[in-house]
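Residues per chain are reported as follows:
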Amino acid sequence: MSGEAKGNDTDEGGKQKMKGIEEPGETDVLCGRGGAALRHPGNQTYRRLVHLNKGLYITCLKAEKLKISRSIVAAIREQNGRFLEKEGKASTWYDIGDKKAMEKTSQALREGQPKLRQKIVELGGGATGAAALLESQFPTGVYTGDAANQQQQMQQQIHMQHHQQQQ
């Protein structure tokens, strides 16, 4: 199964549907709680991206934090992923849009910050501890396989977008 939209999730022009989605694709992020969202491949990729950026996020000013959230949302979108929520009690899904997706991403990046701050202190505090934390989050040789290559490409894309936005 590819990350592209399924036949029933495209409109007459071949574009991805943003509402009335019957079956989420592998690159879609499912909003909500429960096992289905936890196990969904798009959510797993999303959570990895969030985890890999938490150290950077905690060390940034507010404007940069928004850029990191925006970059994660953009990386998911560039892989034909959508941020989907169930339409009430219906069996269909709709895309929540970039604003809500960025809010969701910012919240996910904030989760666990007290523990990360403590880890920075344990690693020497200040810029030294922050740098050590960032280095610890990017060990070499962690990923293997096609899904891992896609994950690495998305992570590199986020960092490139973040640096371009800073310039």
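Keep in mind that this is a model prediction, so the values were computed, not measured.

## Thoughts on the overall build of the chain
No. 1: In terms of regular secondary structure, the chain is built from seven helices and four strands.
No. 2: N-terminal to C-terminal, the α/β element order of the chain is β-β-α-α-α-β-β-α-α-α-α.
No. 3: Looking at the 167 residues of the chain, the share that counts as buried comes to 40%.
No. 4: Long-range contacts, defined as pairs at least 24 residues apart, comprise 62% of the intrachain contacts of the chain with a sequence gap of at least 6.
No. 5: Total accessible area on the chain stands at roughly 9,700 Å², and carbon and sulfur atoms take up 52% of it.

## Concerning the packing of helix α2 (residues 41-59) against helix α3 (residues 62-78)
No. 1: As a packed pair, α2 and α3 sit with axes 11 Å apart at the nearest point and diverge in direction by 160 degrees. In terms of their interaxial angle, α2 and α3 are classed as roughly antiparallel. The handedness of the crossing between α2 and α3 is right-handed. Facing α2, whose interface residues are Y46, L49, V50, N53, L56 and Y57, α3 presents K65, I68, S69, I72, A75 and I76.
No. 2: For the contact of α2 with α3, a count of residues per class yields nine nonpolar, two polar and one charged.

## Describing unusual backbone geometry
No. 1: Phi is positive for N80, close to 65 degrees, though the residue is something other than glycine.
No. 2: Checked against the element boundaries, N80 lands in the loop between α3 and β3 (83-86).
No. 3: For N80, a relative accessible area of 35% corresponds to the partly exposed category.

## What to know about the sheet that holds strand β4 (residues 93-95)
The strands that make up a sheet are held in pairs by hydrogen bonds between backbone atoms, and each pair lies either parallel or antiparallel.
No. 1: The sheet built from four strands is open, its strands ordered β1-β4-β3-β2 with mixed pairing. Edge positions in the sheet fall to β1 (19-21) and β2 (29-30), since each of these pairs with one other strand and no more.
No. 2: Pairing of β1 with β4, which is carried by two bridges, proceeds in the antiparallel orientation. The partner of I21 across the bridge, within β4, is W93.

## Looking at the pattern of salt bridges
Between side chains of opposite charge, a pair can form when the charged atoms approach closely.
No. 1: Throughout the structure, instances matching the rule amount to three salt bridges.
No. 2: R82 serves as the salt-bridge partner of D28, at 2.9 Å between the closest nitrogen and oxygen. Of this pair, D28 sits in the loop between β1 and β2 while R82 sits in the loop between α3 and β3, and the two are 54 residues apart along the sequence.
No. 3: A salt bridge links R77 to D98; the shortest N-O distance between them is 2.8 Å.

## Topic: the environment of A101
No. 1: When you line up the elements, A101 lands in helix α4 (residues 97-110).
No. 2: Sequence separation of A101 and V73 is 28 residues, and the distance between their C-alpha atoms is 6.6 Å.
No. 3: With sequence-adjacent residues up to four places away left out, A101 is seen in contact with V73, F83 and I96.

## What to know about the pairing of β3
No. 1: With two bridges connecting them, β2 and β3 associate as parallel partners. Counted as the bridge partner of V29 is F83 from β3.
No. 2: The pairing of β3 with β4 spans three bridges and is classified as antiparallel. Residue pairing for β4: K86 is matched across the bridge by W93.

Procedures and definitions
Residues numbered from 1 in each chain as written. Predicted model: local features only at pLDDT ≥ 70, side-chain atom pairs only at ≥ 80, totals over all residues. Heavy atoms only, no water. Helix = DSSP H or I, 4+ residues; strand = E, 2+ residues; numbered from the N terminus. Buried < 20%, exposed > 50% of the residue type's maximum accessible area, 1.4 Å probe, protein only. Contact = heavy atoms within 4.5 Å. Areas by Shrake-Rupley, 256 points an atom, 1.4 Å probe, with all protein chains shown as cover. Axes fitted to C-alpha atoms, helices over the stretch in contact; angles between N-to-C directions. Parallel < 35°, antiparallel > 145°, perpendicular 65-115°, else oblique. Left-handed = near helix turned anticlockwise from the far one by under 90°. Nonpolar A, V, L, I, M, F, W, Y, C, P; charged D, E, K, R; others polar. Pairing = 2+ DSSP bridges. Salt bridge = Lys/Arg side-chain N within 4 Å of Asp/Glu carboxyl O.

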